[in-house]
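A structural walkthrough
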2 protein chains.
Amino acid sequence: MNNTLSIIPLGGVEEIGQNMTVMEYGDDMIVIDAGLMFPEEDMPGIDFVIPDFTYILENRDKVRGIFLTHGHEDHTGALPFLLKELNVPVYGTPLTLGLVREKLREHKLEHIELIPVKPRGIINAGVFSVEFIRVTHSIVDGVGFGITTPAGLIVHTGDFKLDPTPVDGQLMDFLRFAEYGERGTTLLMSDSTNAEKGGFTFSEKEVRRAFEDIFSDARGRIIVATFASNIHRIQQVIDVAAMFNRKVILSGKSMISNAQIALDLGYLRIPQNIWLKLEDLKNLRDDEVVMITTGSQGEPMSVLSRIATDEHKSIKIKEGDIVILSAKVIPGNEHSIGRIINHLFRRGANVIYEKVSEIHVSGHASKEELKLMLNLVKPRYFMPIHGEHRHKVYHARLAEKTGIPKANIFLLDNGDVLEITEEAVQKAGKVTSGRIYVDGKGVGDVEDMVLRDRRRLAHDGIVLIIIGIEKLTGNIVSGPDIVSRGFVFEDASQDVINDVKELVYNSVKELDSEIIADKSLIQAKIRSVLKKYLRNTMDRKPMIMPIIFEV
Amino acid sequence: MNNTLSIIPLGGVEEIGQNMTVMEYGDDMIVIDAGLMFPEEDMPGIDFVIPDFTYILENRDKVRGIFLTHGHEDHTGALPFLLKELNVPVYGTPLTLGLVREKLREHKLEHIELIPVKPRGIINAGVFSVEFIRVTHSIVDGVGFGITTPAGLIVHTGDFKLDPTPVDGQLMDFLRFAEYGERGTTLLMSDSTNAEKGGFTFSEKEVRRAFEDIFSDARGRIIVATFASNIHRIQQVIDVAAMFNRKVILSGKSMISNAQIALDLGYLRIPQNIWLKLEDLKNLRDDEVVMITTGSQGEPMSVLSRIATDEHKSIKIKEGDIVILSAKVIPGNEHSIGRIINHLFRRGANVIYEKVSEIHVSGHASKEELKLMLNLVKPRYFMPIHGEHRHKVYHARLAEKTGIPKANIFLLDNGDVLEITEEAVQKAGKVTSGRIYVDGKGVGDVEDMVLRDRRRLAHDGIVLIIIGIEKLTGNIVSGPDIVSRGFVFEDASQDVINDVKELVYNSVKELDSEIIADKSLIQAKIRSVLKKYLRNTMDRKPMIMPIIFEV
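Residues numbered from 1 in each chain as written. Chains lettered and ligands numbered in written order. Predicted model: local features only at pLDDT ≥ 70, side-chain atom pairs only at ≥ 80, totals over all residues. Heavy atoms only, no water.

Some points on the pairing of strand 2 (residues 20-25) of chain B
Residues and elements named next belong to chain B. With six of six residues buried, strand 2 lies mostly within the body of the structure. Neither face of strand 2 is exposed, since M20, V22 and E24 on one face and T21, M23 and Y25 on the opposite face are all buried. Counted between consecutive antiparallel strands, the loop separating strand 2 from strand 3 (residues 28-32) contains two residues, among which G26 sits at a positive phi close to 55°. (Buried < 20%, exposed > 50% of the residue type's maximum accessible area, 1.4 Å probe, protein only. Helix = DSSP H or I, 4+ residues; strand = E, 2+ residues; numbered from the N terminus. Pairing = 2+ DSSP bridges.)

Dropping the structure here:
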């Protein structure tokens, strides 16, 4: 193992989100990104998911640093949880660290060393030498990494697209990627999010045209909802607002905080007297107002949601208002977003969203861009990252098309180890990996069993049978009483409930004394009798909980 | 009210699905469609939703018949539930009734009179004269209605698109729609499903080209998943299979039953010896096989899902297999479908789906087609139907563009009454309406409260506190015991649980004798103490159920 480089994705290669990769050589280890994933529909009550980073903690003495590609949650959201267990320096570009600093403060992790690195900066971390290479993406100040290791050059793209006309004028660093190609790169790890999409992803600037069209026609107030991290988008709204002599009001805690960070660091340019406060709204004419807010995913407690349902203290929607949802619809959120759109229309607003206008573009490279990256870096081996299995498959096909032999393309799962020596590259074993559920104030305390129970409760509810039994005689002294939640008994006729009571009463009375002495046997009996009854009569399977009270 | 025509949508104007409209004049009433809606994400455990048809039952003596536009579930799925309460004739085209007959048989409703009507057929039902007008849609044998009433002509499009090259060669009946325009139509009710989409919807025939491309390259087996009702799509797969000398195996109960009905009625043409049985699979070479199956939405028990997870008894996916998901992704199903795609890719299949190929087209008219329908029928008044509020808004805008004054366009909610006399058209009042949840064997027994409970249980689970109290003294004689499901206590340390026990014990002990005498007051106390504790220490809000046992 001594001259072996191990590359281990701990997250982000079986899903969109929770991106995290470990690189290990001898006694040195670096971590690239530490992201979260938002929960899927079958994870009720879960706030988000982070990768299991046990393997990093098991090797805590080796860790030379964490390198961040950019400031999105799916690349930085697990950071506070990792840094609670591990005090190592974190490297990132200034805006990325600006956003992270805020997050670490909330988690009382101000002691962590944050080391800003500009694109083309190089950090030596153990045997690794990590060069920051500028990419374009839907957040400013994103980078990929060119990593020199004793086993060869590795290029990691981070999230990227090839925006030919970026809002801040900062192009992707084609030269550096091409130089890594010229120097002979062993492995490319590249963003697969949009590997299913043909052609090129549109430039962020294309959104501006749509904004200009809308603004030029608007006579009322304009409300734009987008992600708080999309500084480019916020910049464009501000620019177009200025063009049409409108003032900008930012709303939502994360929106204001991110904008302030970006402004302080010079990533956001706001003309004088344009940024006003919510209190100033009353002094403005309708055609002088643009409000930028969060809530583009229909989140129930967001500003936009409150506006849509007339629960916002200072904004009531009226005829002439324009609401622009300038963000993608994350799968699973269609109905929540649809409901907000319906509410806004009902109240007289004109609502403009992705389906009906070009007010959003993706931040990820499509097929042609992905091939270009492969052609720039010309790697000997290729590992698609940032995607579900299908995205990796599509990306692998593109790589084959650019001439990389199938045998040199590796589709890893989370925890799989790719071993690289000067002689060979191969999959070799697996380390601890998985998903940790974060919910409320708890991390990892929601296990699969709890989730399974939640799904079951959600599907059919719960029925409690409460019964008092005299220990000595086995006589039923009270009950059975029946209480249910989320089950149709809540509205059922008394007849049905009486039937069930009688059924339970009779089944317990029939039991012989040996069984009566064992509470768990009585419970099992009640459960099985009732399960059968409910299945046959109602075709339903609620959770059944017999509660036996021995007197 | 005597010379007044009332048009009352009971479903389908606040959602995509559960389409149902009542037309009433004097002592006569007809019903157009009786559909179901598939549940949204916040309706756990619900199988489907149907409109509240109380108003129809209240007027049961007036009902002259139910008229069906086509055989899709969102237009016929509530029929069995309505017909259980009401024995009236059902009118539809032959295929529509073929599909309905099967459904009614399952519900033991064979006694209902089903009257087949061909396009251009006219049925007199009380004062109403209903003409069937052919439309094109994603199911064959669809119609709209031209309805002559004493208050004027009404045109109802049903679901439609303007397919210029329908698979069965049966064009939409432009002439009839234009004739209603010429005769002077009072009100047009038209399908709003795709009113947000610009341009024209592609012809169903376009899908054939994609199939031909895929089939011509394929060396292994081909599996096509689609909706069992999409006879056109099935026809095209069969045609292309024949072209490439492949045999067709249908799989899935509804797929086989629908195909048989369509075949018997002459709506499906299957060349001799093409349709084989699953048992014949073993005698065929891989490149001789096409299987058509259900499961395009990732339904967990479907054939496709079982194939994808290696649980199908006779089909194991292998390298070279091609799986085509030839159906739209219904919002909310993205993750289930994505998982199936990933499973299939992992097992070596090539998977082709809407995102990466043109293997599906919509069955609903886009903006240009909707305007054409408005121009053909030239109605004085317009009511967009089949859509959420936003779809109706977009459709209304198109109507305005074609010259219908805004005041003549009516956006109704479910239950709203539109009154039409020779003098005026206006909204007037509301009848009973709403959504009935159908779940397991129960209809309407899941009320909103039950659903609310399920959502809450799904989010944070349930905690039971079981405590025995001596009635006379108020002493705690047993417990408190704590049982939880779907809550993190299931994995919590004993320390936490002991803390909670102690907290409950102390709060009950402190109570004075007056409260102890009242079970509900003890419950309230336990609930409030525990709620506060869990919120403060864990930021969680499970359902808390104290169970007091008095001895």
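Once the structure has been displayed, the description carries forward.
Concerning the packing of helix 4 (residues 94-106) of chain A against helix 8 (residues 253-264) of chain A
Residues and elements named next belong to chain A. Relative to each other, helix 4 and helix 8 sit at 135°, their axes nearing to 9 Å. Taken together, the axes of helix 4 and helix 8 lie oblique to each other. By crossing handedness, the relation of helix 4 to helix 8 is classed as right-handed. Of helix 8, the residues touching helix 4 (which contributes L95, G98, L99, E102 and E106) are K253, S257, N258, I261 and A262. Considered class by class, the residues forming the contact of helix 4 with helix 8 number four nonpolar, three polar and three charged. (Axes fitted to C-alpha atoms, helices over the stretch in contact; angles between N-to-C directions. Parallel < 35°, antiparallel > 145°, perpendicular 65-115°, else oblique. Left-handed = near helix turned anticlockwise from the far one by under 90°. Contact = heavy atoms within 4.5 Å. Nonpolar A, V, L, I, M, F, W, Y, C, P; charged D, E, K, R; others polar.)

Quick word on the domain arrangement of chain A
When the domains of chain A are assigned, the result is domain 1 (5-199 + 362-445), domain 2 (205-352) and domain 3 (461-550). Using only C-alpha atoms to locate each centre, domain 2 of chain A and domain 3 of chain A end up separated by 55 Å. (Domains from an automatic or database assignment.)

Some thoughts on the relation of the copies chain A and chain B
Each copy of the sequence occupies a distinct position, and chain A is placed on chain B by a rotation of 180° and an axial shift of 0.0 Å, giving an RMSD of 0.1 Å. Overall, the copies show the geometry of a two-fold rotation axis. Comparing contact sets, 100% of the residues at the interface of chain A also lie at the interface in chain B, consistent with an isologous, same-surface contact. (Least-squares fit on C-alpha atoms with pLDDT ≥ 70 in both.)

Section: the environment of G415 of chain A
Residues and elements named next belong to chain A. Tracing the sequence through the fold places G415 in the loop between helix 12 (389-401) and strand 20 (416-420). When the C-alpha atoms of G415 and A210 are compared, they prove to be 43 Å apart, with 205 residues separating the residues in sequence. Aside from chain neighbours lying at most four places away, what touches G415 is I8, P9, L10, G429, K430, V431 and S433.

Comments concerning the layout of surface pockets
Volume-wise, the second largest pocket comes out at about 760 Å³. V393 and R397 of chain A together with F345, N350 and V351 of chain B are the residues nearest the centre of the second largest pocket, which is lined by 29 residues in total. By residue number, the principal contributor to the lining of the second largest pocket is helix 12 of chain A, which donates six residues. By residue class, the composition of the lining of the second largest pocket is 14 nonpolar, five polar and ten charged. (1 Å grid on protein atoms, 1.4 Å probe; cavity = no way out; pocket = protein on both sides within 12 Å on 5 of 7 lines; lining within 4 Å. Points joined across faces, edges and corners; volume = space filled by probe spheres on them.)

With respect to the confidence of the model for chain A
Of all residues in chain A, 96% have pLDDT values of 70 or greater, and the mean over the chain is 90. Two summary scores accompany this predicted model of the complex, namely pTM at 0.83 and ipTM at 0.80. (pLDDT = per-residue confidence, 0-100.)

Remarks on empty space enclosed by the protein
Residue and element names in this part refer to chain A. By the definition in use, this model includes six cavities of 30 Å³ or more. The computed volume of the largest cavity comes to approximately 60 Å³. Around the largest cavity, the lining is made up of 13 residues, and of these V135, T136, D168, Q170 and H232 lie nearest the centre. Classifying every residue of the lining of the largest cavity by side-chain character gives four nonpolar, five polar and four charged.

A closer look at the sheet that holds strand 2 of chain B
Residues and elements named next belong to chain B. Ordered by their spatial adjacency, eight strands build an open sheet running 7-6-5-3-2-1-20-21, and the pairing between neighbours is mixed. Taken across any chain shown, the strands that pair with only one partner, and hence form the sheet edges, are strand 7 (114-116) and strand 21 (425-430). Across the sheet, the mean angle from the axis of one strand to that of its neighbour is 25°, orientation sign disregarded. As judged from the four bridges shared by strand 20 (residues 416-420) and strand 21, these two strands associate in the antiparallel manner. What sits directly across from I420, in strand 21, is V425.

Quick word on the sheet that holds strand 12 (residues 185-191) of chain A
Strand pairs in the sheet, formed through backbone hydrogen bonds, run parallel or antiparallel to each other. All names here are of chain A. Strand order in the open sheet formed by six strands is 8-9-10-11-12-19, and the pairing between neighbours is mixed. In the strand order of this sheet, the two ends are held by strand 8 (122-125) and strand 19 (381-385), each with one partner. For this sheet, the mean angle separating the axes of adjacent strands, direction not counted, is 20°. The pairing of strand 9 (residues 128-134) with strand 10 (residues 143-149) spans six bridges and is classified as antiparallel. Pairing of S129 across the sheet is with T148, part of strand 10. Seen against the sheet, helix 5 (residues 174-183) touches strand 9, strand 10, strand 11 (152-156) and strand 12 and runs at an angle of roughly 140° to strand 9. In this fold helix 11 (residues 367-377) packs onto strand 11, strand 12 and strand 19, with an angle of close to 165° to the strand it touches most, strand 12.

Some words on the interface of chain A and chain B
Between chain A and chain B, the contact holds 72 residues from the first and 72 residues from the second. In this assembly, chain A packs against chain B so that about 6300 Å² is buried in total across both faces, 54% of it on carbon and sulfur atoms. On inspection of chain A and its partner chain B, the count reaches four salt bridges. A salt bridge links K355 of chain B to E196 of chain A; the nearest nitrogen and oxygen atoms lie 3.1 Å apart. Linking chain A with chain B are 16 residue pairs in polar contact (both at pLDDT 80 or more), by the criterion used here. Counted by class, the side of chain A that touches chain B contains 27 nonpolar, 16 polar and 29 charged residues. (Buried area = accessible area lost by both parts, 1.4 Å probe. Salt bridge = Lys/Arg side-chain N within 4 Å of Asp/Glu carboxyl O. Polar contact = N/O pair within 3.5 Å; in protein donor to acceptor, adjacent residues only side chain to side chain.)

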